[in-house]
Amino acid sequence: MPITFDGKLVIAISSSALFDLRESHQIYNEAGLDAYRRYQIEHEDIPLEVGEAYPLVKKLLAINERVKSDDGVEVILLSRNSADTGLRVFNSIEHWNLPITRAAFSGGKSPYRYVEAFGAHLFLSTNPEDVRNALDLGYAAASIISPSKATQNLTTELKMAFDGDAVLFSDESEQIFQSQGLEAFTASEKAAAKTPMRGGPFMHFLQALHRLQSQFEEENCPIRTALVTARSAPTHERVVRTLRDWNIRIDESLFLGGLDKGAFLKAFGADVFFDDQEGHCRSASQHVAAGHVPHGIANRVIISEK
């Protein structure tokens, strides 16, 4: 029987999100592929420094030590390197004691197409184009904001925070807000309060994360989630009823009514925060690691203006 990841939370991550590849990337940009290849081979026994997503990956993999079944976390490396230049990445994985054994080295091409092949629930990268392509395939994906001035959460508990509209939920309500304003948005959400929203790009990831949480007693769960949204009463009701309809528990919900999210994410102690608006992510990254989800009407408006 072939090996499967059924029951596992599967995370795909680019080598540039896991490790700091800025120096070698600069060599590639300034001197070309051959110089980059020589540099990586000459330095393949020198471990790479950790990247923006390393602390998150470390905590995700540590959950396997507490899971009683095989239904834990699998992290897959996706890299634009060839296997030859990627040897330094695998050597660095070994140096940092990360139990990552599976990888796809795409030899300069975008590796996003392997997100589907591996059945990953989430793809993290520093390449916005790869992230958009993965989202277009219907997979949760985010571009890690770099550099981040975030202070790492040093506790063993993994804390993940999510925006609502265009991330966990579809952007149907956001479209009304963008085109008709706050008053029309509020009226629409009140009228549809008992109608669950359609899922956004991170719905299936949240479901898989919830299944992993469900293996633990609630008071001893190593994973804690938070919804951090600009919504406020009375538009909160549709959110609560949607999550209830999905049978998903969110541990903390912050309805901020337009307040800046950064201080609240810091208070929550988020290891990562996912939001569809890049400006919100850059603001949040002053306090916590952030992942931009380039999905929905807000990002279509930005693209059309460029």
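Up top is the structure these notes are about.
Residues numbered from 1 in each chain as written. Predicted model: local features only at pLDDT ≥ 70, side-chain atom pairs only at ≥ 80, totals over all residues. Heavy atoms only, no water.

A. Spotlight on unusual backbone geometry. In this chain, Ala233 is followed by Pro234 through a cis amide linkage whose omega measures 10°. With respect to the helices and strands, Pro234 occurs in the loop between strand E7 (223-229) and helix H11 (236-246). Unusually for a residue other than glycine, Asn247 sits at a positive phi of about 60°. Along the chain, the position of Asn247 falls in the loop between H11 and strand E8 (252-255). (Helix = DSSP H or I, 4+ residues; strand = E, 2+ residues; numbered from the N terminus.)

B. Focus on H11. Within H11, the full set of buried residues consists of Arg238, Val239, Thr242, Leu243 and Trp246. For H11, the arc enclosing every buried residue in end-on projection is 130°, short of the 170-degree limit, so these residues lie on one face. For H11, exposure combined with an orientation more than 90 degrees from the buried face picks out Arg244 and Asp245. Residue Asn247 follows H11 closely and has a positive phi angle near 60°. (Buried < 20%, exposed > 50% of the residue type's maximum accessible area, 1.4 Å probe, protein only. Arc of directions from axis to C-beta.)

C. Focus on the environment of Pro99. With respect to the helices and strands, the residue Pro99 is situated in the loop between helix H5 (87-95) and strand E3 (102-105). Judged by relative accessible area, Pro99 falls into the exposed class, the value being 52%. Linking Pro99 and Gly257, residues 158 residues apart in sequence, is a C-alpha distance of 41 Å.

D. Representation of the packing of helix H2 (residues 22-31) against helix H3 (residues 33-42) in the model. Running from N to C, H2 and H3 point in directions that differ by 150°, and their axes come no closer than 7 Å. With respect to H3, the element H2 is oriented roughly antiparallel. On H3, the residues touching Glu23, Ser24, Ile27, Tyr28 and Ala31 of H2 are Leu33, Ala35, Tyr36, Tyr39 and Gln40. A class-by-class count of the residues in the contact of H2 with H3 yields seven nonpolar, two polar and one charged. (Axes fitted to C-alpha atoms, helices over the stretch in contact; angles between N-to-C directions. Parallel < 35°, antiparallel > 145°, perpendicular 65-115°, else oblique. Contact = heavy atoms within 4.5 Å. Nonpolar A, V, L, I, M, F, W, Y, C, P; charged D, E, K, R; others polar.)

E. Representation of empty space enclosed by the protein. The full count for this structure, using the stated rule, is one cavity of 30 Å³ or more. Approximately 30 Å³ is the volume found for the largest cavity. Considering the residues around the largest cavity, the lining is formed by Glu52, Ala53, Leu56, Ile144, Asp271, Val272 and Ala289. Residue classes in the lining of the largest cavity are distributed as five nonpolar, no polar and two charged. (1 Å grid on protein atoms, 1.4 Å probe; cavity = no way out; pocket = protein on both sides within 12 Å on 5 of 7 lines; lining within 4 Å. Points joined across faces, edges and corners; volume = space filled by probe spheres on them.)

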